[in-house]
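Take a look at the letters that make up each chain.
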Amino acid sequence: MTNDGGPAFPFPSGPEPRVDEFHDRCDGMSLRDWIAAKAMQGICAIPTSANMEVASISKSAYLMADAMLAAREGQVKP
């Protein structure tokens, strides 16, 4: 199973939530999708990306997102 990073924009639960209390279910995009979208935006800003296949850009964006989530979890050494 791919680590999706959980919800991209979780919202607190309860009327007066603590900072560490979040809904365990949040509809919307995952953090992985949000990171991939940002990565894709950067890739598409490069003039030579116009020559790239759309599937290649998408795959690269998700590879970057997966690497960032792994780094966030301490699985990648600096």
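Up top is the structure.
These remarks concern the structure in this document. (Residues numbered from 1 in each chain as written. Predicted model: local features only at pLDDT ≥ 70, side-chain atom pairs only at ≥ 80, totals over all residues. Heavy atoms only, no water.)

### A word on the packing of helix α1 (residues 31–44) against helix α2 (residues 54–72)
- Relative orientation of the contacting elements α1 and α2 amounts to 125°, with a least axis distance of 8 Å. In terms of their interaxial angle, α1 and α2 are classed as oblique. In this structure, the crossing between α1 and α2 has a hand that is right-handed. Residue-level contacts link Leu31, Arg32, Asp33, Ile35, Ala36, Ala39, Met40, Ile43 and Cys44 of α1 to Ile57, Ser58, Ser60, Ala61, Tyr62, Met64, Ala65, Asp66, Met68, Leu69 and Arg72 of α2.
- Here the contact of α1 with α2 is built from residues that sort into 14 nonpolar, two polar and four charged. (Axes fitted to C-alpha atoms, helices over the stretch in contact; angles between N-to-C directions. Helix = DSSP H or I, 4+ residues; strand = E, 2+ residues; numbered from the N terminus. Parallel < 35°, antiparallel > 145°, perpendicular 65-115°, else oblique. Left-handed = near helix turned anticlockwise from the far one by under 90°. Contact = heavy atoms within 4.5 Å. Nonpolar A, V, L, I, M, F, W, Y, C, P; charged D, E, K, R; others polar.)

### A few points about α2
- Between its terminal C-alpha atoms α2 stretches 27 Å, which fits the 27 Å expected from 19 residues at 1.5 Å a residue.
- Contact partners of the buried residues in α2: α1.
- Of the residues one or two after α2, Gly74 is the one with positive phi, at around 80°. (Expected span 1.5 Å × (residues − 1).)

### What to know about the nonpolar core
- If you look at the biggest cluster of nonpolar residues, it comprises nine residues: Leu31, Ile35, Ala36, Ala39, Ile43, Ile57, Ala61, Ala65 and Leu69.
- Those elements giving two or more residues to this core turn out to be α1 and α2.
- The dominant element in this core, judged by the number of residues it contributes, is α1, at five residues.
- Among residues more than four places away in sequence, those in contact with Ala65 are Arg32, Ile35 and Ala36. (Core = buried A, V, L, I, M, F, W, Y, C linked by side-chain atoms within 4.5 Å. Buried < 20%, exposed > 50% of the residue type's maximum accessible area, 1.4 Å probe, protein only.)

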